[in-house]
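A look at the structure
Okay, here's what each chain looks like letter by letter:
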Amino acid sequence: MVRLRSILLFLLLFKCFGSIIAEEEDQIEQFSEALLLRPLPDRKVLAHFHFDSKVPPTRTHGSHHHLFPKSIYQLVHKFRVREMELSFTQGRWNYARWGGYDPISSRNAKPPGVELWATFDVPQHQVDASWRNLTHALSGLFCASINFLESSTAYSSPQWSFKSFATNIRYGTLPREAVCTENLTPWLKLLPCRDKAGLSALMDRPSIYRGFYHSQRLHLISNEFDLAAESSGMVLEQTLTVVLQPVTLGSGMTSSVGSIQQPSWSLSTLFGRKVSGRCVLSNASNVYVQLEPDLVSELKATSETQQQSDVGNLISEAWSDMSFEMSESAVRVIKEANGFLKESSLLYEFALENYSDSRPFDLEFRWKRPVTWSSQLAPLQARRFLMGSGNERGAIAISLKSVGISEYAKSSVNEEGRCLLRVDVFQVVPWYIKVYYHTLKVFLDERLHSLADVVERTNVSPSEDKVSPGLMEIALRLPCDVHSVILTLEFDKGFLHIDEYPPDANQGFDIPSALIRFPGIKTKMDLFEDKSACKSPILSKLQEESPVLWYTEVLLVPLTTPDFSMPYNVITITCTVFALYFGSLLNALRRRVDEEERLLKNKAAKPSGPIGVLLSKLSAKLRGKPLEPPPPSSSSKVSYKLILRVILVAGIAAAWQYFYG
Amino acid sequence: METMADAEPAKAKPRPIIRLGLFLISHSFIVSVACCAAGIFALLLLPILAKNTYISENALMPGSASPMLSNDDVSRARMFVNKVVSFDFKTDSSSIGIQDLVAQHITDLGGEVNFHRFLPQVNKFNPLHFFSSPDQGIAQENYTCSSYGINTVGFIRAPRGDGKEAIVLVTPYNSVKTSMGEALSLGIAYSIFSLLTRVTWLAKDIIWLAADSQHGEYAAVAAWLREYHTPSFDGSGRSLFESNASPTTGRKRPNDFLRAGTMAAALVIKVTDGSEKAERDVLNLYAEASNGQMPNLDLINVVNYLAVNGQRLRVKVEKLGSLLDSWWLRSLAELFHKLGTVARSLNPQWNFGISVAEYIEGSATLASSLYNQALGVPTGPHGVFRDYQVDSITMEISAKRVANYKNRPNELLLQGGRLVEGVIRSVNNLLEKFHQSFFLYLLTSPNKFVSVGVYMIPFALLVAPLPMVAASLFTDSTRRISGMGTKVASSPASSDIPAISFRSWRWLHAAKTVFIVHFWGAVVTLLPHFLSLVQDSSPLTNLLSWIILSAFTLLILQAILGSSFSLLHMNRTQGMEWTLLKSVTIAAACTGLCIMSVINFATAELGALMLVPMCLMTRPLMLDAKAKTLKSFIRAACNVVLIFLVFPPVAYYLWKGALVGLENARVGDFWNWVESLWTWNSATYIYMCMVHLPCWVLCVHTLLYPC
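Per an unreviewed UniProt entry, chain B carries the name Glycosylphosphatidylinositol anchor attachment 1 protein and comes from Solanum pennellii.

Per an unreviewed UniProt entry, chain A is named GPI transamidase component PIG-T, and its organism is Solanum pennellii.

Here it is in structure tokens:
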């Protein structure tokens, strides 16, 4: 136990400070699973699966594994990956309703489609090659078109706005990638129990894909190759975050008092399955139910028997019994010890060890009375939209609106008596959207500000046509009391070559999500718990400090598209133009006026065959001259010429066919 | 040509194509008459040549899913309609109550909502910003609080969509006095909205714009779209709103402007009271946007298909009522019908016959379609969307049941709701934006259309004689002049060439005249802008002052720039200047028509119908008077009549008279019509002032040419 704790402590410290701490090594591979459920304010439920695999370093442990997926291990070794994150997302995370401040949302809210970033432990000039190989390997592994991130137009290397202290990082997104069960199956194969036992057995495909948000994520850390540091092995963190709507009978919209009756739910109504026990290979297998701080305070406030509560008698308190009930009794209740927030969230823990096939775990959460609350919101609400119309130019606008909570101001940077909030904006733009970065304008509270006042740091690498996307990193320093910030950037719409258009080009082209980052504001849960309980990786993850992130919407830019359905017309008109050009050119080159006259005279003196007569009649008609009597002579010369001409044309045609056909 | 060919037999023969051109030019009279006749005939033939519409984009799949709109939704919508109808506008003096009601219902359904306040923007003609994109202009006038319009906008975010695209539903209603029809259209949108918050198949976001039409439907929708696409972030205009926004209810109003991606399509829903005698409800479709732009034909097809096959509605597009019972059209229809039957009796495969009624209906619809496109004024709020490249259509359900709504309330809501649901579902299926089907077409009935490939034939035939006649006149006059020159100088062939080349620049004088008149046309175009600066004047005075000012400027321009008169005097002896003038006029008219056909085809088509005969016919009256034959007399009479008819005000009054009867037409109407043209930024106005009017003046000039 002591060992475990120290390992976790070590991990925690390592990630916070990046320092090198030598600790005793654990020689055991570890796997743990957890599920966190959280009722959301808009009658939905968040389910967050968390699987965590650890393997000790190869130096001490060797390269044979019992639990850790071999494919990932090989991937890390082959491409020398230091850290990597891959996410498949469908739907949008609703920051306004589902929260944007807590660790789960800032870690697991991802842009739609595929997002991949990785840092490599290779020399600078090999990073791109490693990245390309990695994309192909992942593409095969996860049945997705991640290999499209191989092209240099698809990825970029952010310097500081995406991740602090990261070198050799590559970042790419595929906003249009459709996510489905074919991506989930290989992801599940990385788990030791797959979806046959344990919490992953809950993943009934129709249920989880029916949800409003679906994001499967794979996060990998290894420091195998860091020679200076004492290696701690690899950590593979796999999470699946879904937002589900519990099925309720009757669509009772509002109760008479105005507050919404929340739907009651259970695991079997959410997923259509029950958990029949833990995955036997896992070290820990827990289910948590989280109540958000605002909900807790709301429940307490509405309860008549509100007491000045202390931590110890939480379970026995009347307010929770009055508001909701759970079918199973929690092993323990973990309370957040939060400094500055009024109320703190609660975690109810259920251990799956106590359940088996004969007694499956089917947690039921039943509301007893209507309640409304709101989630913890990020300090600024970010939105991004397009401006302008037409096929020529437009503008991207990113708007940040304050939610009007001053508590965050306390935690943000204070210097010289002024409260300043730092916001990093990270935006990648494909090359065919030609952004003019000098047109960046910043409006604070509907007033145009000069960039020098607001922008602390910028890093712009303009796009290069057909080579690299444009990358913009801006660090803003905003006064804490700002209400609205709007950044606008103008762009021209470019033209693509005909074979660069993707299928369904008329849909338009995507601008990937921008990332708004609040590096000054860290989110974490300070869980107040007994020391022995720190064995669950999900809890340690929740306690890790991470900056608040916000991914904006994907934008769709309509570009001019050629009429693909008319290649026939194009071919026809091109051929006509060619024929006219070459015809008249050859005609002009070939014609000799004097010789024609002489020929005509000769012809008048010679008789010709029936074909010759016909030809001369025809030509006479065409030339608008009365038909002269056919000269009685053989047209051997004429027919030779005719044959020669035919042969020449046929030869040209054959050559053309041979070279271009 | 013949003489030249005879005179110089030694020279090489010109190429056949050149010879063909020369032949056409030399026979330009017959050719132009034949072409014009063929052009008009082809125009009359268009209803026969119309093809049946078909759904081009396979992804639309209209009607493949059974409608999900249930009676539950409809009864909820009915309650909503009753609330709207019984809403007491008197008690809520702030006139924001009904928006609150709508917003409350949207939030109850789980949608997001925001209010959009706007000032009604007065359409002002600004000649410098004519073709520019819609800009954000902030009205400077001081408006009182009550003159705000407040749009209520509801959003449904597609559960699994990525939010890149959106479908817009528009229901204009007057927030001050909501009529039964408007309430019903709100009810239809509400029923759809309540359905769509629950469905799982939604891939695009839904925007419901309940447009406050107390300042006009178009203005409300335009203001919202302007804010959506080109917002201004400077607070200068907005402080006005904030200061005056005093929420009477005390509730926090969501004032953040919400957005939802690129718009895929927009549907405007209206309900009007139909006639009692119609056996079925009628769905009127309006599609024309500004400058003759049309939405993709697929959108019309889907609506038509679903309305006819799904909801048993009778779909109508606008038609010109006065044509329906005109005798000449009927006799023409009978003629075509007879020809068709004869053709079919000869060969059963020749199946181009068309029944009389069908032909008349088709031509009336075609004429209306042509007229509306040519006018360049949108036929409803859908027109705004086209300015932002969004396909949109107005669906006006003209129900006989609105009157007896009390008896069978659900039926109309269910029918309309299911129709809209089907259309939304089809558009939702689309992966790409509308691009498969036609954008350039004329409708002859809701399910028949004439595509661009067919309807450009009449125009091409009408315009084709113009360059030919111009060339023929030019060669004619140069030959005569050179003939005179040779006679006078009696010089040998060696010195003939420089003389001709000198004289052949003579057309520059004519070109100068034409240029001056066209320049004057530009001045006339700008005059109304200055006239409109003078406040409070009646249309009649405006019109008169416009005409007088125009005539005055013409005189001034001629006095300053027009040395053409002196030239005329100088060359009067030759007497052939008018042919050159006519030739250049015709060339200018041809250029103008061709340019206009790119901008607005229908305008060019109708313009060519008027302009081409006039330009081809003109001939100095003096010449005809000198000739004193019956032929010349008829020609002179024709010329005078044509000139009279083609003068824009006269043409307008005649058209108006044909539509509503001459007794209803007032003199000032023309000014109002012109005003509407420029406030809607119609290119027809520019065409009229810069092509049609100068050509008319030049033709008058030619007519009165002293010979």
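Before going further, it helps to spend a moment on the overall build of chain A. Along the backbone of chain A there are 18 helices and 28 strands. The buried share of chain A, taken over its 661 residues, is 40%. In chain A, the share of contacts with a sequence separation of at least 24, taken over all contacts with a separation of at least 6, comes to 75%.

If you tally the helices and strands in chain B, you get 27 helices and 11 strands. With 707 residues in all, chain B has 45% of them scored as buried.

The next thing to look at is the UniProt feature "transmembrane region" (unreviewed entry) in chain B. All names here are of chain B. Mapped onto the present numbering, the UniProt feature "transmembrane region" (unreviewed entry) falls at residues 20-46, 452-474, 513-531, 543-568, 580-600, 606-622, 634-655 and 685-705. Split by type, residues 20-46 is 96% helix and 0% strand. Its first and last C-alpha atoms lie 30 Å apart. Between the first and last C-alpha atoms of residues 634-655 the distance is 25 Å; the span itself is 95% helix and 0% strand.

To continue, consider the interface of chain B and chain A. As a measure of interface size, the accessible area lost when the parts come together is often cited. Taken together, the contacts link 30 residues of chain B with 33 residues of chain A. Residues that form the side of chain B that touches chain A fall into these classes: 7 nonpolar, 10 polar and 13 charged.

Once that is clear, we can look at the UniProt feature "transmembrane region" (unreviewed entry) in chain A. All names here are of chain A. According to UniProt, the "transmembrane region" (unreviewed entry) feature falls on residues 568-589 and 642-660. Counting secondary structure, residues 568-589 comes out at 100% helix and 0% strand; the distance between its end C-alpha atoms is 31 Å. The span residues 642-660 carries 100% helix and 0% strand; its end-to-end C-alpha distance comes to 27 Å.

This part takes up the packing of helix H21 (residues 577-599) of chain B against helix H22 (residues 601-617) of chain B. When two helices pack together, their arrangement is given by the angle between the helix axes and the distance between those axes. All names here are of chain B. Axis separation between H21 and H22 bottoms out at 8 Å; the angle between their running directions is 165°. Our classification of the angle between H21 and H22 gives roughly antiparallel. By crossing handedness, the relation of H21 to H22 is classed as left-handed. Of the residues in H22, those in contact with Thr585, Ile586, Ala589, Leu593, Met596 and Ser597 of H21 are Phe601, Thr603, Ala604, Gly607, Ala608, Leu611 and Cys615. Class assignment for the residues of the contact of H21 with H22 results in 9 nonpolar, 4 polar and no charged.

So, about the sheet that holds strand S11 (residues 324-326) of chain A. Residue and element names in this part refer to chain A. One open sheet holds the 3 strands; their spatial order is S9-S14-S11, and the pairing between them is antiparallel. Both outer strands of the open sheet, strand S9 (265-266) and S11, are each paired with one neighbouring strand and no more. The pairing of S11 with strand S14 (residues 364-367) spans 3 bridges and is antiparallel. Counterpart to Met326 in the pairing with S14 is Phe365.

Attention now moves to the pairing of strand S13 (residues 346-351) of chain A. Residues and elements named next belong to chain A. When strand S10 (residues 284-291) meets S13, the two strands line up antiparallel, connected through 6 bridges. Of the residues in S13, the one forming a bridge with Val287 is Phe350. As judged from the 4 bridges shared by strand S12 (residues 332-336) and S13, these two strands associate in the antiparallel manner. In the strand pairing of S13, Lys335 is matched with Leu346.

Take the sheet that holds strand S8 (residues 314-317) of chain B next. Residues and elements named next belong to chain B. Strands sit in the order S2-S3-S5-S4-S6-S9-S7-S8 across an open sheet of 8 strands; the sheet is mixed. Edge positions in the sheet fall to strand S2 (112-118) and S8, since each of these pairs with one other strand and no more. Pairs of neighbouring strands in the sheet enclose a mean axial angle of 25°, with direction left out of account. Pairing between strand S6 (residues 262-273) and strand S9 (residues 391-399): 9 bridges, direction parallel.

Let's shift gears to the pairing of S6(B). Residues and elements named next belong to chain B. Across the 12 residues of S6, 10 count as buried, placing the element largely inside the fold. One ladder, built from 6 bridges, connects strand S4 (residues 165-173) with S6; its direction is parallel. From the neighbouring strand, Leu169 faces S6, where its bridge partner is Leu267.

One can find Thr513(B) in helix H18 (residues 507-533). Along the sequence, Thr513(B) and Leu581(B) sit 68 residues apart, while their C-alpha atoms lie 7.9 Å from each other.

The next subject is the nonpolar core. In this structure, Leu169(B), Leu209(B) and Leu267(B) are the most contacted members of the largest nonpolar core, which totals 182 residues. For this core, the element with the most residues is helix H27 (residues 683-703) of chain B, which contributes 15 residues.

This paragraph deals with the confidence of the model for chain A. Residue and element names in this part refer to chain A. Scored by pLDDT, chain A has a mean of 81; 81% of the residues are at 70 or more. The least confident element of chain A, judged by mean pLDDT, is helix H1 (residues 2-17) at 50; the most confident is helix H6 (residues 127-142) at 94. Scored below 50 in pLDDT, residues 12-25 makes 17 contacts in the model with residues more than four places away or belonging to other chains. Low pLDDT (under 50) marks residues 627-634, which in the prediction has 22 contacts with non-local residues, meaning those over four places away or in another chain.

This part is about unusual backbone geometry. Among all residues save glycine, negative phi is the norm, and among peptide bonds the norm is trans. Residues and elements named next belong to chain A. Positioned with a positive phi, Arg194 is a non-glycine residue whose angle comes to about 45°. With respect to the helices, strands and loops of the structure, Arg194 is situated in the loop between helix H7 (181-189) and helix H8 (205-209). For Arg194, a count of 14 C-beta atoms within 10 Å translates into the label partly exposed. The backbone of Asp445 sits at a positive phi, close to 50°, despite the residue not being glycine. Topologically, Asp445 is positioned in the loop between strand S19 (433-444) and strand S20 (447-449).

Turning our eyes to something else, we now look at helix H3 (residues 70-79) of chain A. Residues and elements named next belong to chain A. Among the residues of H3, Ile72, Tyr73, Val76 and Phe79 are the ones counted as buried. Angularly, the buried residues of H3 cover 160° about the axis, an arc narrow enough to put them on a single face. Residues of H3 that are exposed and angled more than 90 degrees away from the buried face: Lys70, Gln74 and Lys78. In this fold, the buried residues of H3 make contact with strand S3 (81-90), strand S4 (113-120), H6, strand S7 (213-222) and strand S8 (234-244). Among the residues trailing H3, Arg80 stands out with phi positive, at a value near 50°.

Across chain B, pLDDT averages 81, with 81% of residues at or above 70. As a predicted assembly, this complex carries a pTM of 0.84 together with an ipTM value of 0.84.

Turning next to the domain arrangement of chain B. Residues and elements named next belong to chain B. One can read the domain layout of chain B as domain 1 (2-48 + 457-703), domain 2 (69-118 + 149-318 + 379-439) and domain 3 (319-375). With 13 residues of domain 1 at the contact, the number on the domain 3 side is 13 residues. Broken down by secondary-structure element, the contributors of at least two residues to the side of domain 1 that touches domain 3 are helix H3 (28-49), H22 and helix H25 (648-660).

We now examine H27(B). The end-to-end C-alpha distance of H27(B), which contains 21 residues, comes to 29 Å, matching closely the 30 Å that a straight helix rising 1.5 Å per residue would cover. Counting buried positions along H27(B) yields 19 of 21 residues, so the element is predominantly enclosed.

Reading the values: rules and limits
Residues numbered from 1 in each chain as written. Chains lettered and ligands numbered in written order. Predicted model: local features only at pLDDT ≥ 70, side-chain atom pairs only at ≥ 80, totals over all residues. Helix = DSSP H or I, 4+ residues; strand = E, 2+ residues; numbered from the N terminus. Buried ≥ 20, exposed ≤ 12 C-beta atoms within 10 Å, placed from the backbone. Contact = placed C-beta atoms within 7 Å. UniProt positions renumbered as here; feature names shortened; annotations may be inferred. Nonpolar A, V, L, I, M, F, W, Y, C, P; charged D, E, K, R; others polar. Axes fitted to C-alpha atoms, helices over the stretch in contact; angles between N-to-C directions. Parallel < 35°, antiparallel > 145°, perpendicular 65-115°, else oblique. Left-handed = near helix turned anticlockwise from the far one by under 90°. Pairing = 2+ DSSP bridges. Core = buried A, V, L, I, M, F, W, Y, C linked by C-beta atoms within 7 Å. pLDDT = per-residue confidence, 0-100. Arc of directions from axis to C-beta. Domains from an automatic or database assignment. Expected span 1.5 Å × (residues − 1).

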